[in-house]
Amino acid sequence: MNARHLCLLAALQGAFLCAFLSGALPAAAAEWAVDPARSAIRFSGVQVGVPFTGRFERFTASVDFDPAKPEAGHALVLVDLASARTGDVQRDEALPQKDWFDVKAASQARFEATRFVDKGQGDYAAVGTLTIRGTSRPVTLPFHLTFDGGAAHAVGRVGLVRTEFGVGQGAWASGQWVALDVGVEVDIVATAQPASGH
């Protein structure tokens, strides 16, 4: 069960990533508000040969994005590590513990995107740094962006190695019971907010 926690970590990572994504929804220097009822951050992993999935529930994002100048964009996403949910009580209780997220030492995961790259045809990449358990690593999150009226929809996926962030200590530091590779999928819907007028 602890093994699944690592999956969570991926989820959270994906969470901030996708959180910023949602904010990154292009709209000419406009601010975007994520619709939690229509958005999701999911993660996946493998424990003792059996695939499992989970979801990260709470995160905040501050995004500055101009589709005309994606390289000048910036996003900061903070994820509440204690909000990971997998549908398994034991696993959810273990994830915040020292072997996994260690929320007593660092309650949040942080993703800071310093620029966005326009790949063309609605494809983008958010380039930045992900920090978990005090360990920072460069991360690039690819995503596809579409618009429908006043709403923007961002969908992306990134692969992570949990041990690169110290997630999974002791007996969990190897991939014997829980695979080291985790996947994070983001599916974010956001709406443009009225200009502040200042």
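Bear in mind that the values here come from a model prediction, so they are computed numbers and not experimental data.

Asks: Got a minute to help me understand the packing of aromatic side chains in this structure?
Replies: Any pair of aromatic rings gets described here by the distance separating the centres and the angle formed by the planes. One pass over the structure, following the stated rule, counts 3 aromatic pairs. Each ring, one from W100 and one from W172, has its centre 5.8 Å from the other, and the planes form 45°; the classification is tilted. Residue W100 is located in the loop between α2 (89-94) and β7 (108-120), and its partner W172 is located in the loop between β10 (151-161) and β11 (181-192); the two are separated by 72 residues in the primary sequence. In this structure, W100 and W172 share a single accessibility class: buried. An angle of 15° between the planes, with centres 5.7 Å apart, marks the rings of Y124 and F143 as stacked.

Asks: Before we go on, may I ask you to explain the pattern of salt bridges in this structure?
Replies: Pairing of side chains with opposite charge becomes possible as their charged atoms draw close. Under the defined criterion, the tally for this structure stands at 5 salt bridges. We note a salt bridge from R85 to E57, for which the minimum N-O separation is 3.9 Å. Taken together, the positions of R85 in strand β6 (residues 84-85) and E57 in the loop between β3 (50-56) and β4 (59-64) put the pair 28 residues apart, joining distant regions of the chain. R157 is the partner of E185 in a salt bridge, and the nearest nitrogen-oxygen pair spans 3.8 Å. With E185 in strand β11 and R157 in strand β10, this residue pair connects regions lying 28 residues apart in the sequence.

Definitions and cut-offs
Residues numbered from 1 in each chain as written. Predicted model: local features only at pLDDT ≥ 70, side-chain atom pairs only at ≥ 80, totals over all residues. Heavy atoms only, no water. Phe/Tyr/Trp six-rings, centres within 6.5 Å; stacked < 30°, edge-to-face > 60°. Helix = DSSP H or I, 4+ residues; strand = E, 2+ residues; numbered from the N terminus. Buried < 20%, exposed > 50% of the residue type's maximum accessible area, 1.4 Å probe, protein only. Salt bridge = Lys/Arg side-chain N within 4 Å of Asp/Glu carboxyl O.

Purely geometric numbers; function is a separate question.
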